[in-house]
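Geometric and topological summary
Each chain is listed here by its residues.
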Amino acid sequence: EPTQDLSIRREKWVGRRTQRVEDKRFITGTAKYVADIRIPGMLYAIYVRSPHAHARIVKVDKSVAESVHSSVRVFAGEDFSDVEPLIDHVALDNLLRTPQAVVSIDKARFVGDAVAIVVAESELIASDAAAALADAIEYDVLDSVMSVAGAEQTSPNIHDALGTNEIYRQTERHGDTDDAFARADRVVSSTLHHNRYGAAPMETRGVLANFEKSENQMTVWSSTQMPHFLRSVIAGQLGLSENRIRVIAPAVGGGFGQKMATSPEEVAIPYVAYRLGKPVRWIEDRREHLIAATQAKEQFIKLDAAVTKEGKILAVRGEFVGDGGGYSFNTESALIEPALAGKAFPGPYRLEAFDETVAASLTNKTPVAAYRGVGWTAANTSREILVDDIARELGIDPVEIRKINMLHGEELPYRSITGQLYDSGSYHESLAMAVEKIGYESFRERQAALRKEGRYIGLGISTYVEQTAWGSESSAQAGTPLPSHDNATVTMDPSGTVLIAVSTSCHGQGHETSYAQIAADGLGIDVADIKVIDGDTDATPYGLGTYASRSAVIGGATVARASADVRAQILRAAANMLEVNPDHLTIADHKVQVIGSPSVSLSLADVAYAAHWDDAVRAENPMLTSTKFYDPPATYANGCVAVELEIDACTGQISLDRIVAIEDCGMQINPMIVEAQVHGAVTQGVGGALYEHFKYAPDGKPMTTSYLEYQIPSAADMPPIEVYSIETPSPFSVGGIKGMGEGGQIAAPGAVANAVADALAPFGAKVSKLPLDPDYVLSLIHGVDGW
Ligand code: MCN
Ligand code: SMO
């Protein structure tokens, strides 16, 4: 056997619908989240946050809070003067930076901006003291900027030093759009105000930090997706040595991208603990979460498409303007939305030319950061709406127009006009499957019949390409280059059971099961013989954690490679014991066997024991362990979502009847997990299409501060989601795996929007904003916006 098996072994476990091993502790309530961890003597932190969208902070009178109780201590902006402000690292020229102090000193730039942290021996005392302080803080309230329109003009400037609120604007021309527009029979235009919505994890954010002075040791528990990266950031901002910091992500109740970049709180709370020499914890409440945790996805997209009368889309001119909120979110960027949208815009379609204008501006709203399908949701939704608009204008069937413009599998690998290298895919096959499964043909008849009765049903289709496997290459192809580095360590102990330590950091996706499946097939053992640990920087090798649907490809490959290496070590040890050539051995069902004569075998446990304790056997490598690295090429998953719905023309209410989702993520490790991921992502996409939007009053006061006003879909709102798979392996990645965690949210909103426009075609409806709440739907019917 080769010592370095670069493919993933697929025997008993990989590809099987294995029940998730981690779920028992989640379902029985025994999983430990940050809020469950208690350290004797720990102090409770409560934030005092700005009630104003834009205001100078004039005076923070700490004595008001400190007189509430002897245990109260207040940390205001100036107390963090030796903490480096947070800044984004995206390596793009012409991007203006907006350094963010972990607690603001000069100004509040959105309602919820941190102005002080109050710490006390109990949560109640801290709350009382924080409330007293909040009433006493003096502000000089400024005009607030609530729109990206005119952002390049000055006044008022959200960051005084910048002289503008527009922090980036760049046009990249791919191919000759002028020529394509000159040749076009028609130009079809479409605009989309993509709504501002965001992650709604069951667990809000939370940090517990403990600085033990005698040990010179800082331990930080945080509900994070990126423990190692957070450790690097804390070390840098606080000036501590990195090996003295241990970051632990205990059970994390959902992240969805929001817990990816470092929050100011994740630096401020450790600093307070460091200063006090005591454990300090902060747990965000839901209202705080809805105003202070990052929001997402708001963009203004303008598209002009040059098309032929036969329905060929020659070229597009696109403008993507992101509304970044009060700061270009540190360690990420206000660009993540519009920049990723621009690069992903072509999706599965051929374009001869594309003008890509990307801009990001600041407003006095909560900063925008990652949320499942960053940039890609808006890009996909706007593009799929445009494609339907073109079809309607030309009188071509929406399925037909997609077929005309879509890449065929044989054309792949294919470099898109924006430079994304699609590895492989099943664009036509996924569309065909969606059309078949949703019953497209018979639908049209039903629709026509129902329309005569005054009932409006609609069917919408949205195809997508999902960029996955974020390593250095993928992030560069996305337009926001960042290097990456990930590893896994696989170790077999003397009894023959296995520990896997990974640098990805699961927060709901099912990695314990998926990785165990890979190692089980790699080592000829069962999932039950394997323990997977992640989310602890002292116990796992360095890496960037879990986001951008990278873990299956990267974590899967590092585990496969390290397992292959350990397998080779086992075979060498067994070869010593059996006095045969290791090439003549294989592993199956907990045994090392001679190929062709399975009766000559050793139990894995005996080999592992000997490899540890028998100096004649353990030879050159005393431990059955291996750490492997992987920084993958980009891989692109694809699929298609089809939605059938009905609109009540009197109330504007939408009811979803059916959702069909076709997923192609290459080789699947666990089809049951893939299916569940599609369920979650599609549901979040439906939330964005129909319900979710962070609303602000004209003065910048948030109007969606609880789940009464910020509505997310419940099980009752969702029809069953029918998921079907196609497996087109990636020719580039280890094992042919592609990621898939975001596809549903990328595709579903476009399918919903197109279904609404289809249902309301008799009214000439054209969707130009989201969500499709009843008010907006009625305006589409009656032709008056703001009905
Ligand atoms: N998988 C598989 N076979 C494949 C691809 C994936 O079996 N070919 C499995 C993986 O093993 C993994 C899951 O599907 O268990 C998702 O894998 P992947 O697409 O690699 O995505 P990540 O594990 O890197 O997760 C990140 C992705 C993102 S970016 C967001 S946002 C999101 C999502 O996952 N956040 C989630 N799904 C989430 N699910 C939960 N429960 N909670 C979140 O916060
Ligand atoms: S938004 Mo997902 O964590 O990339």
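It should be emphasised that the depicted structure is a prediction, and the values quoted were computed from it without experimental measurement.

Attention now moves to the site of ligand 1. What surrounds ligand 1 is a group of 32 residues, the closest being Gly-255, His-511, Ser-514, Gln-677 and Met-740. Note that an oxygen atom of ligand 1 is positioned 2.8 Å from one of the backbone N or O atoms of Phe-256. The separation between an oxygen atom of ligand 1 and a polar main-chain atom of Gln-509 is 2.7 Å. Coverage of ligand 1 by the protein chains reaches 96% of its 840 Å² of free accessible surface.

Before going further, it helps to spend a moment on the domain arrangement of the protein chain. We note that the domain assignment places domain 1 (23-31 + 485-629), domain 2 (34-142 + 204-252 + 259-292) and domain 3 (299-476 + 633-782) within the protein chain. For domain 1 and domain 2, the distance between their C-alpha centroids amounts to 39 Å. Counting residues at the interface gives 18 residues for domain 1 and 18 residues for domain 2. At the boundary of domain 1 with domain 2, total buried surface from both sides reaches about 1400 Å², with 53% on carbon and sulfur atoms. Looking only at domain 1, the three residues that lose the most surface to domain 2 are His-507, Thr-537 and Tyr-542, adding up to 38% of its buried area. The interface formed by domain 1 and domain 2 includes 2 salt bridges. Note that Arg-246 is salt-bridged to Asp-538, the shortest N-O span being 3.8 Å. Along the contact surface separating domain 1 from domain 2 lie 7 residue pairs in polar contact (both at pLDDT 80 or more).

With antiparallel pairing, 3 strands are arranged side by side in an open sheet as 22-23-24. Each of the sheet's edge strands pairs with one partner strand only, and the pair in question is strand 22 (585-588) and strand 24 (597-603). Between one strand axis and the next, the sheet turns through 35 degrees on average, direction left out of account. Judged from the 4 bridges that link them, strand 23 (residues 591-594) and strand 24 form a sheet pairing that is antiparallel. Paired with Val-594 across the strands is Ser-597, a residue of strand 24. Along the sheet face, helix 16 (residues 604-613) touches strand 22, strand 23 and strand 24 and points at about 50 degrees away from the line of strand 24.

The next point concerns the packing of helix 9 (residues 376-394) against helix 18 (residues 743-759). If you want to describe how two helices pack, look at the angle between their axes and the distance between the axes. Two numbers describe how helix 9 lies on helix 18: the axes approach to 8 Å, and their chain directions differ by 30 degrees. One way to sum up the angle between helix 9 and helix 18 is to call them roughly parallel. Seen from above, helix 9 lies across helix 18 with right-handed handedness. When helix 9 is examined against helix 18, the residues Trp-376, Thr-377, Asn-380, Thr-381, Glu-384, Ile-385, Asp-388 and Arg-392 are found in contact with a partner set consisting of Gln-745, Ile-746, Ala-747, Pro-749, Gly-750, Ala-753, Asn-754, Ala-757 and Asp-758. Broken down by class, the residue content of the contact of helix 9 with helix 18 amounts to 7 nonpolar, 6 polar and 4 charged.

Procedures and definitions
Residues numbered from 1 in each chain as written. Chains lettered and ligands numbered in written order. Predicted model: local features only at pLDDT ≥ 70, side-chain atom pairs only at ≥ 80, totals over all residues. Heavy atoms only, no water. Near = heavy atom within 4 Å. Polar contact = N/O pair within 3.5 Å; in protein donor to acceptor, adjacent residues only side chain to side chain. Areas by Shrake-Rupley, 256 points an atom, 1.4 Å probe, with all protein chains shown as cover. Domains from an automatic or database assignment. Contact = heavy atoms within 4.5 Å. Buried area = accessible area lost by both parts, 1.4 Å probe. Salt bridge = Lys/Arg side-chain N within 4 Å of Asp/Glu carboxyl O. Pairing = 2+ DSSP bridges. Helix = DSSP H or I, 4+ residues; strand = E, 2+ residues; numbered from the N terminus. Axes fitted to C-alpha atoms, helices over the stretch in contact; angles between N-to-C directions. Parallel < 35°, antiparallel > 145°, perpendicular 65-115°, else oblique. Left-handed = near helix turned anticlockwise from the far one by under 90°. Nonpolar A, V, L, I, M, F, W, Y, C, P; charged D, E, K, R; others polar.

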